[in-house]
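# Observations on the three-dimensional arrangement
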Amino acid sequence: MLRVEGISKDWKEFRLRGISFDVGEGEHFIILGPSGAGKTVLLEIIAGIIEPDAGKIVLSGEDITYFPPERRGLAYIPQNYALFPNMSVFDNIAFGLKLRGVPRSEIERKVRETAGILGIDHLLRRKPKTLSGGESQRVAIARALVIEPPLILLDEPFANLDVQTRAKLLGEMKRWKRELGFTALHVTHSFEEAVSLGDRVGVMLDGRLVQVGPVRDVFSRPASEEVARFLGFENIIEGTAEGRVLRSNGVEIELPAETMGRVRVGLRPEDIILSLEPIRSSARNEFKAIVESVEELGPLVRVHLRIGGLNLRAFITRSSMLEMGITKGKELYVGFKASALHVF
Amino acid sequence: MRRDYTLYFFASIGSFLVVYIALPLMVILTKQMSDWGMLVKTLHDPYVIEALRNSLLTATATALIALLFGVPLGYVLARKDFPGKSLVQALVDVPIVIPHSVVGIMLLVTYSTYILDSYKGIIAAMLFVSAPFTINASRDGFLAVDEKIEAVARTLGASRLRVFFSVSLPIAFPSVASGAIMTWARAISEVGAILIVAYYPKTAQVLVMEYFNNYGLKASRPISVILIAISLTIFVLLRWLVGRTENASR
């Protein structure tokens, strides 16, 4: 339905390079990337606020690259929601309908219906300045959805909310999607949003879209080392593979499949098991390691380990750390399944 | 708790200016109160009434003209970068630097008989010295309007012009309006340029000067007091109205 072809743009400190992807009808497409990757610039190009240097945007078969925003019919929800402060919540939501010349009674009905689904029908008389973050976000979504756009563009919709409100709204978003059936292009840096809302995801790094695919595929099979690193494969091991064995800095690691030559494998820190004694388990890889340092991250602890010439990072809970007496210089055993390794 | 002596100290220094401004106002008003008869007499002088009317009408016309041309200019300055923008910006502030008698000479040299001794001349002089307030206030008002808000309004189907009238201008209104009020206030307090360009039709400001030159301090006082009273009342009233709409939109 929306097709983006080879979009490039130099804008302030952002450099978008040859971005191509498409969004299908009814799909929730997530563009996932760290801040500064140029995600907002990409959304604003699609919305028509910024003109691209090169590339094409096609909506339902029509080339809209050089259409002004008001002719595209896409609804854009920026990160700060950008509610109209001079209008009541009702008038905010009704704005797009009024411009379309919808009759008064119809506007009234549609606004109330959408507000009802989003749970903001009691706020219609209020001014935006009096709303909480979560309420503002609902109003912004209502204002976008009430005109029934072919596609809504969401820029970090949950970034400015506190943890509880975010969790609640994430859940509700799925319900709204079922009830209103919209197509969304959603830009975020949050894996949680990508995993819980996304049908497909595109990973954007440094202005390039480096991998596009179904959420599960992208997370379980990152296409490159940089995607893997971004998605949380903190351990990237480089070495020479011979069949199912990888040799790296004098350590032999068993691989999930046969390969040859120089390869890199990724391993998530939460997939590493630490123990004080060697254990008999189904994990095919077990090594003796020395704790180099311990990094406390709240309930979790990141343990930096050295196995011969190899450095690994593992996550354990704080209570395990205390129970096992893990401190700098401690010797212990490191285990992980061959299947936890991801070969790039 | 320790007292914050720095603030008290600064307040006592700063209050000098407050007193300095307030004192002449109080003195001229109280002095005139003791000469009530003269004030009433002045108020019935058709010559004075005519001059007051001229002042108020020309100042109001000036403010409206400044709005008509200054608001679009302020919007462009706030939204668009273009070559020579800083030059335009500097030019807008020029009237503040030039002595007002010189402004009068400049206007007369340029537009000569077209504006000499006419309402057009009064308004021309007022506009030259007071328009920067409306332009700058509009620009600042529009700069404070989040561009994302305008972007969203456009994606919802509004043209640029529509966005301007339904979103940008209403949000910037308090700023634009206070700029216009400052323009009005600056216009009604202008003498120097008017004196040169349009001594007639006589405005109250010029009349005060004429009375002072011809009959002395005491004669010029009642009109001064009336002018103060009218200007201040309108100024305060307008500011209050703008402040109210500003609060209402918050």
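Report on the accompanying structure. (Residues numbered from 1 in each chain as written. Chains lettered and ligands numbered in written order. Predicted model: local features only at pLDDT ≥ 70, side-chain atom pairs only at ≥ 80, totals over all residues.)

### Observations regarding the overall build of chain A
- Across its full length, chain A carries nine helices and 18 strands.
- Buried residues in chain A amount to 37% of all 344 residues.
- Within chain A, contacts between residues separated by at least 24 positions form 66% of all contacts whose residues are at least 6 apart in sequence. (Helix = DSSP H or I, 4+ residues; strand = E, 2+ residues; numbered from the N terminus. Buried ≥ 20, exposed ≤ 12 C-beta atoms within 10 Å, placed from the backbone. Contact = placed C-beta atoms within 7 Å.)

### Notes on the interface of chain B and chain A
- The interface is formed by 17 residues belonging to chain B together with 20 residues belonging to chain A.
- Looking at the side of chain B that touches chain A, the elements with two or more residues in it are α7 (147-155) and α8 (160-188) of chain B.
- Here the element with the most residues in the side of chain B that touches chain A is α7(B); it accounts for seven residues.
- For the side of chain B that touches chain A, the class distribution of residues is nine nonpolar, four polar and four charged. (Nonpolar A, V, L, I, M, F, W, Y, C, P; charged D, E, K, R; others polar.)

### Description of the nonpolar core
- By size, the foremost hydrophobic cluster in this structure holds 143 residues, and its most contacted members are A:I46, A:I77, A:L153 and B:A125.
- Looking at this core, the element that brings in the most residues is α8(B), giving 14 residues.
- Filtering out sequence-adjacent residues up to four positions away, A:I77 remains in contact with A:A140, A:I141, A:A144, A:I152, A:L153, A:L154, A:D155 and A:P157. (Core = buried A, V, L, I, M, F, W, Y, C linked by C-beta atoms within 7 Å.)

### A look at the pairing of strand β4 (residues 54-59) of chain A
Residue and element names in this part refer to chain A.
- Strand direction decides the pairing type here: strand β1 (residues 2-11) and β4, joined by five bridges, are antiparallel. If you follow E5 over to β4, its bridge partner there is K56.
- The sheet contact formed by β4 and strand β5 (residues 62-63) spans two bridges and is antiparallel. Residue L59 lies in a different strand from β5, and its bridge partner there is E62.
- The antiparallel pairing of β4 with β5 creates a hairpin that spans two residues between the two strands, and S60 there sits at a positive phi of about 45°. (Pairing = 2+ DSSP bridges.)

### Describing the sheet that holds strand β11 (residues 235-248) of chain A
All names here are of chain A.
- A sheet is described by the order of its strands in space; here three strands give the open sequence β11-β12-β18, paired in antiparallel fashion. Of all the strands in the sheet, just β11 and β18 (342-343) have a single pairing partner and so form its edges.
- Where β11 and strand β12 (residues 251-267) come together, 13 bridges link them in antiparallel fashion. Along β12, the bridge assignment pairs E242 with M260.

### Quick look at the environment of A:T317
Residues and elements named next belong to chain A.
- Structurally, T317 can be placed in strand β16 (residues 310-317).
- Distance from T317 to K127, taken between C-alpha atoms, is 45 Å for residues 190 residues apart in sequence.
- Residue contacts for T317: discarding those within four places in its chain leaves P299 and L300.

### So, the packing of helix α4 (residues 133-145) of chain A against helix α5 (residues 163-180) of chain A
All names here are of chain A.
- Contact geometry of α4 with α5 gives a least axis separation of 11 Å together with a crossing angle of 20°. By the criterion of interaxial angle, the relationship of α4 to α5 is roughly parallel. Relative to α5, α4 is oriented so that their crossing is right-handed. Every residue of α5 that contacts α4 at G133, G134, Q137 and L145 is listed here: T165, L169 and L180.
- Here the residues of the contact of α4 with α5 are counted per class, giving three nonpolar, four polar and no charged. (Axes fitted to C-alpha atoms, helices over the stretch in contact; angles between N-to-C directions. Parallel < 35°, antiparallel > 145°, perpendicular 65-115°, else oblique. Left-handed = near helix turned anticlockwise from the far one by under 90°.)

### Quick notes on the sheet that holds β1(A)
Residues and elements named next belong to chain A.
- The strand order β2-β1-β4-β5 describes an open sheet built from four strands, whose pairing is antiparallel. Taken across any chain shown, the strands that pair with only one partner, and hence form the sheet edges, are β2 (14-23) and β5.
- Of the strands in this sheet, β1, β2 and β4 are in contact with helix α1 (residues 39-47), which crosses β1 at around 120°.

### Some details on unusual backbone geometry
- That bond from B:Y200 to B:P201 is cis: its omega, -10°, falls within 30 degrees of zero.
- Tracing the backbone shows B:P201 in the loop between α9 (192-197) and α10 (204-215).
- In this structure, A:S60 takes a positive phi of about 45° despite not being glycine.
- The topology assignment puts A:S60 in the loop between β4 and β5.
- Exposure remark for A:S60: the 12 C-beta atoms within 10 Å place this residue in the exposed category.
- With phi around 50°, A:D206 is a residue other than glycine that occupies positive phi space.
- For A:D206, the position within the fold is in the loop between β9 (200-205) and β10 (208-214).
- For A:D206, a count of 15 C-beta atoms within 10 Å corresponds to the partly exposed category.

### Focus: α7(B)
All names here are of chain B.
- Counting buried residues along α7, seven of its nine residues qualify, which places the element largely inside the surrounding structure.
- Considered for burial, the residues of α7 that qualify are I149, E150, A151, V152, A153, R154 and T155.
- At the C-terminal side of α7, G157 shows a positive phi close to 120°.

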